[in-house]
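Examining the three-dimensional arrangement
One letter stands for each residue in the lines below.
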There are 2 protein chains.
Amino acid sequence: MTAARSKRAGREQRLAKRAAKPVFDPCPPGQRGGAYKPLTESEIQTIFDTALRLLEQLGMGEVPARLQADLLAAGATEDGRGRLLFPWAMVEATLKMAAKTFFLHGKDASRSIEVGGDRVYFGTGGAAVQTLDMESGVYRPSTLADLHDFTRLQDTLANVSWFTRCCVATDVPDNLDLDVNTVYALIRNTTKPVATSFTLAAHVAPIIEMLDIAAGGPGEFAKRPFLAAHISPVISPMRFGEDAVDVVYECVRHNIPMSCITAAQAGATAPATLAGFLAQSLAETLASLVMVNAISPGFPMIFSNWPFVIDLRTGAFSGGSGETAVLNAASAQISNWLGLPSGVACSMSDAKAIDAQYGMEKGITSLAAALAGGNMIYESSGMTASLLGVSFEGFVLDDEMHSNTYRALRGIEVTEENLGFDAICDAVLGDGHFLGGAHTFAAMERDYFYPTLADRNEPRTWAQSGARDAWDLARDLAKQILDSHHPTYLTEAQDKAIREKLNILL
Amino acid sequence: MTAARSKRAGREQRLAKRAAKPVFDPCPPGQRGGAYKPLTESEIQTIFDTALRLLEQLGMGEVPARLQADLLAAGATEDGRGRLLFPWAMVEATLKMAAKTFFLHGKDASRSIEVGGDRVYFGTGGAAVQTLDMESGVYRPSTLADLHDFTRLQDTLANVSWFTRCCVATDVPDNLDLDVNTVYALIRNTTKPVATSFTLAAHVAPIIEMLDIAAGGPGEFAKRPFLAAHISPVISPMRFGEDAVDVVYECVRHNIPMSCITAAQAGATAPATLAGFLAQSLAETLASLVMVNAISPGFPMIFSNWPFVIDLRTGAFSGGSGETAVLNAASAQISNWLGLPSGVACSMSDAKAIDAQYGMEKGITSLAAALAGGNMIYESSGMTASLLGVSFEGFVLDDEMHSNTYRALRGIEVTEENLGFDAICDAVLGDGHFLGGAHTFAAMERDYFYPTLADRNEPRTWAQSGARDAWDLARDLAKQILDSHHPTYLTEAQDKAIREKLNILL
C-alpha cells in the first residue's frame, strides 16, 4: 500500500467512525426548563388572584352529589344559586397538601419518570380519529391495528417518555371493548409508563383485572401503577362533568394516577383574551385539584392546564400558532410557580401533510413549552391536523425534534474547563485551529447531538441521492421499525388469562 | 327572501367577512424579547471576564499597520510577539462610548428601524450561491436575475425588516461588477434598509456615487445612509483580516453603518465547548468594537456575534440544531447585557427541501434567538442548505413563521380588562359560552394572528383540495408576487445616470 493510499484509507476509517451513530445521548429526556419566563412574578400573582376570586365568588356549577358532599366537608360553601364556592383558604390548603412530585411508573422500572420540579418530558396525549396512511399519503379512519402499530413504534423512540394512546380505534364500536382493547394494545406493546381514558367509571374495574394480570396478580397493579388516566372532570366554563367525576372516584379507588385536564378553548368556552383565558383555566384546573385532594389528600395528579386556541374566523380548533406557544408556556410557568407537576399540550400542528408547516408549528410550540419548564408536554409526538390526525412518519421526525429541543434546554455549562482559556491560547499560538485537539475531541460526542433523519448534505449530494424530503425519509424509518420491532411484553400465560376474561379483538 | 335563506345569507356574509385577511397586524416586527435567559447573570459575567482576559493577555494577531497605529493611540499595547493587547480598561472605555441604539434607515423613511434595546427584528444576511429552482425543485447556481427577483419578492413581505443581499450573483465574474450590480439590485427593487458586503475597499467609492444618485445628489447618501455593510474584520481565532479592515476604514469615511460579524465555527476556529466558544467569539466581536471606536468613537456598529456550529463528524457547517438555537440565544443575551445592538444568525436550516426539517429547524432557532432578545436576527428568511442555498418559497413561508414568533414575543397583557373577571361571570351565569360576546369580539383581531399559508382545514377538506403541502402552496404565492410586483424605486433619470457611470448588467 502506498503512503497516499494508506493515508486515504486512514481518513476513510476516521470518517466512517465519525459517521457512525454515537451511542451516547448528549441530551436525554428530563432536561431542566424554566429559562423562559413569559410572565413576570407580579403578572402570575395577578392571574392567580383572579383565579382564586373566580373560585371564591363564582364557584363551580353542576357538582355531582357525592362530590358536593366531599367538597362541603373540605370547606366549600353553597351560593344558594346551585353553585359551590371554594374559599381562598380552602384552595391554599389544597395547594399545600397536593402531591408535588411523584413517579409515573413504567412496567419496566428503568423507564419510569419522576414528574414535578423543573424537569421536562415529552410524551403523547392524543385521541386522533384519523391516521395518515403511509401508502396513500392521505387520511383514513384510525383503527385498533393502528394503535398497536403506534404503540410498538414509539416503544423504540427514546424521547416519548410516556405513551398515552394517540388514536381512537374507530373500528371498535362498543365503548367497553374500546377502552379494554386500548389498554391491551398499550401493555402488550410497550413497558413505558402508559395512559388512557375511561369512557365510564364502570370500565375501570375490568381493566384493573387486566392490569393486575400483567402486573403479576390481584392487587399488584396498585402497588406500582404503570398506567395513568386522562380525565377532564371540569367542563369549561366553570362546571363539573358527572361521568368524568365518577371516573375520578374510581381511579382514586384503584390507585390510578390522574392527569386532570382542563381543555378550555379561547373565545368559545373561555375568554379570548390570553390573560382572561389563563385566569379561568387556572381556576378550573385548581377546581380539579381541590376535588382530587378533597377525595384523597395528596393523591397524584398532573396539573394539566392545557390552553387550547380556536381560529375565531371559523371556530375550528388550532394547535400550531404563536398564541398556542405563549399560552402553554405561560401555563407551565404558572403551574411550576405553584409547585405543581405541570402538564401542557404542545408540539401540535394544524398541518395535514408532514411538511414545512408541520415542522415550524411543532418547533415553535414545543420549544416554548419546554423552555418554560413544562414537566409533561402532551400531544408532542406524531399528532397532526389540529389533533384530528396522527402519523407514523410524524412520530419518528418528532423524536429527533425533541432531541434538538432537549439540547437547547441542556444549555451551556460555564466551567473553567469549558471556557477553555488555555485551549484558546494554545490554538491561537499553535496550529491556528481547534480541529482534532483534545479539547474539541472531548466535546464532540459529549456536547453535540447528531441527527439521523435531518439531511446535512450539500445540495448536489442531496439531489444525487434523489432529492428526498423529510416526510419521505421518515416513512422509510417508520416502516423499518414497524417491520422489525414486534415486542411481546405479556407472557403467553398472561395473554391467555386476559383473553379468557375480556373481549380482546386483536 | 325566506327567513331561512336570509339567515343563511347573513351567516355566509359573516363567514366571508371573518375569512377575509385582517388589515390590522396584531404582531408587527419590533416586538420585545428577553423573556428567555439561557445564561444566569454570573455565567454572563464569567464569560465576559474570560473574553476580557483573552483580549488583555492573548490579544489580536495580524493587525494592519494603520489599525495598529490607531489602536496603540487608543490604549492598546504590543506583546513583543507581534500581537496587540487590549487592556481591560480600554475595552470598558469602548463599551461606554459605543453606539447603543441607532437607526437603520430605509430609503423610504417609514421603513426605517431603530436597533438596540430589546426590540427584535428579522432580516436577511445570506450569501447563498445556489437557488432552489421553482420549476425543477432542485438547486442551480444563483444569478443576478435571482437577486433582483428576491429583492422585489421580499419588498412585499412585512417581516423582512431589512434586506441584505441573500445570494451571490455567480454569473458576474468580475468582483467590482458583482459589488456594483448587487447594490443596484437592492436599491432598484426595495426601499427598505438594505445591506451588502464589499469585496475590496476600493469598491466603496464608486458604489457611494450610485447611492448618492439614488439619494438625490452628491453627499446626500451620507446624511441618511440607507445601506449598511456586512464586514468580518476579525478572522477566528483572534486575528484581523487586512482587506476587511480596509473596508471598515472606507465605510467609516463614507458614513456607512456596519454589521461587524464574527463568524467563528465551533470546534474548527473556536472551541467546541459552548462556553469556550462564547468567550472567544465575544472577545473577537469586542475586538471589532474596539477597532471601530478607535477609528471613530460612537460610530454605528451592529455587534454581530454569530455562533456557527459545524458537524464535527464531517466538518460541514450546520445551521439548524439545538446547539445553534441555544448559542445564538446566549449570544443575543450577552450583547444585550452589554447594552449593544445584538446581531445573531438564526432561522437557519440544513434542509434542502422545503420540508418538515426546514420548518422545524427554522422554528426552534428563530424562536430561541427572538425570545432571548436578538435585535437583528440575520439569515432569517429564505435561506436553506446550511446557508448554501436560498428559496423563493422559503421567503414567503418564513414571513408567516416570523408572525407566529412575533405573536409569541408579544406575550400576554395582564390588565383588568383582559383578565375579564366580569366577562367570565357573565358567560358562566348567562349563555355558558364566549362566542360572539363583546369581550371576544374585541380580542378577535387585536390579539390573534391569522395565517395565509398555514392550512387549518380538516383532513377531508385538505384532501379534496388536492392534499397540497406548504412548499406547493408557497410556490403559488411566491410566483403570484413575482408576477405582479415590479417596483421601480429609481427614477428614469437616476437609472440613466447610474448606467452612465457604472457597468449595470441587468
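Residues numbered from 1 in each chain as written. Chains lettered and ligands numbered in written order. Predicted model: local features only at pLDDT ≥ 70, side-chain atom pairs only at ≥ 80, totals over all residues. Heavy atoms only, no water.

For the record, the criterion: UniProt positions are given in the numbering used here, feature names are shortened, and annotations may be inferred rather than shown by experiment.
For chain A, the name recorded in an unreviewed UniProt entry is Trimethylamine--corrinoid protein Co-methyltransferase, with Primorskyibacter sedentarius as its organism. The Sequence similarities (unreviewed entry) comment attached to chain A in UniProt states, word for word, "Belongs to the trimethylamine methyltransferase family."

Some remarks on the overall build of chain A
Note the following rule: Helix and strand definitions here come from DSSP, where helices need a minimum of 4 consecutive H or I residues and strands a minimum of 2 consecutive E residues; each element is numbered from the N-terminal end. Each radius of gyration reported is based on C-alpha atoms, and the globular scaling rule is 2.2 Å times the count of residues to the power 0.38. Partly exposed residues are those whose accessible area sits between 20% and 50% of the maximum for their type, while under 20% is buried and over 50% is exposed, using a 1.4 Å probe and protein chains only. Should any heavy atoms of two residues lie within 4.5 Å, those residues are considered in contact. For the area figures, the Shrake-Rupley method with a 1.4 Å probe applies, and any residue is considered shielded solely by the protein chains shown. The charged-residue count follows a simple rule in which Lys and Arg add positive charge and Asp and Glu add negative charge, with His and chain termini not counted at all. Positions of charges follow a simple convention, taking NZ of Lys, CZ of Arg, CG of Asp or CD of Glu.
Helix and strand content of chain A: 19 helices and 21 strands. In terms of overall dimensions, chain A is globule-like: its C-alpha atoms have a radius of gyration of 25 Å, near the 23 Å expected for 506 residues. Within chain A, the fraction of its 506 residues that count as buried is 63%. Within chain A, counting contacts between residues at least 6 apart in sequence, those at least 24 apart form 76% of the total. As displayed, chain A offers around 17,100 Å² of accessible surface, 53% of which is attributable to carbon and sulfur atoms. Here chain A contributes 42 positively and 58 negatively charged side chains, and the mean placements of these two sets differ by 6 Å.

Digging into the interface of chain B and chain A
The cut-off we apply is this: The term buried area denotes the loss of accessible surface (1.4 Å probe radius) that occurs when two parts are joined, taken as the sum for both partners. Whenever a carboxyl oxygen of Asp or Glu lies within 4 Å of a side-chain nitrogen of Lys or Arg, that contact is scored as a salt bridge. Pairs of N or O atoms are called polar contacts if they sit within 3.5 Å, as long as, within protein, a hydrogen donor faces a hydrogen acceptor (for residues adjacent in sequence, only side-chain-to-side-chain pairs). Under this grouping Gly is polar, as are all residues other than the nonpolar Ala, Val, Leu, Ile, Met, Phe, Trp, Tyr, Cys and Pro and the charged Asp, Glu, Lys and Arg.
Contact residues are listed per partner, giving 110 residues for chain B and 112 residues for chain A. Both faces considered, chain B and chain A share a buried interface measuring about 9,600 Å² in area, 71% of it formed by carbon and sulfur atoms. Between Arg456 of chain A and Asp311 of chain B there is a salt bridge, and its shortest N-O distance comes to 2.8 Å. The interface formed by chain B and chain A contains 32 residue pairs in polar contact (both at pLDDT 80 or more). Here the side of chain B that touches chain A gets 11 residues from one element, more than from any other, and that element is helix H12 (residues 356–371) of chain B. Per-class residue counts for the side of chain B that touches chain A are 64 nonpolar, 25 polar and 21 charged.

Some thoughts on the packing of helix H5 (residues 144–154) of chain B against helix H18 (residues 470–484) of chain B
Residue and element names in this part refer to chain B. Quick note on the threshold: All axes are obtained by fitting lines to C-alpha atoms, using only the stretch in contact for helices, and the reported angles, taken between N-to-C directions, cover 0 to 180 degrees. Roughly parallel means an angle under 35 degrees; roughly antiparallel means over 145; roughly perpendicular covers 65 to 115; every other angle is labelled oblique.
Relative to each other, H5 and H18 sit at 100 degrees, their axes nearing to 9 Å. The angle between H5 and H18 falls in the class roughly perpendicular. On H18, the residues touching Asp149, Arg152 and Leu153 of H5 are Ala478, Ile481 and Leu482. Within the contact of H5 with H18, the residues separate by chemical class into four nonpolar, no polar and two charged.

As for unusual backbone geometry
With an omega of 0 degrees, the peptide bond running from Ser236 of chain A to Pro237 of chain A counts as cis. Structurally, Pro237 of chain A is set in the loop between strand S11 (234–235) and strand S12 (239–240). Even without a glycine there, the phi angle at Ala467 of chain A is positive, about 50 degrees. One can find Ala467 of chain A in the loop between helix H17 (459–464) and helix H18 (470–484). Overall, Ala467 of chain A belongs to the partly exposed group, its relative accessible area being 28%. A positive phi angle, close to 55 degrees, is found at Ser386 of chain B, a residue other than glycine. Structurally, Ser386 of chain B can be placed in the loop between strand S20 (383–384) and strand S21 (389–391). Look at Ser386 of chain B and you get buried, because its relative accessible area is 9%.

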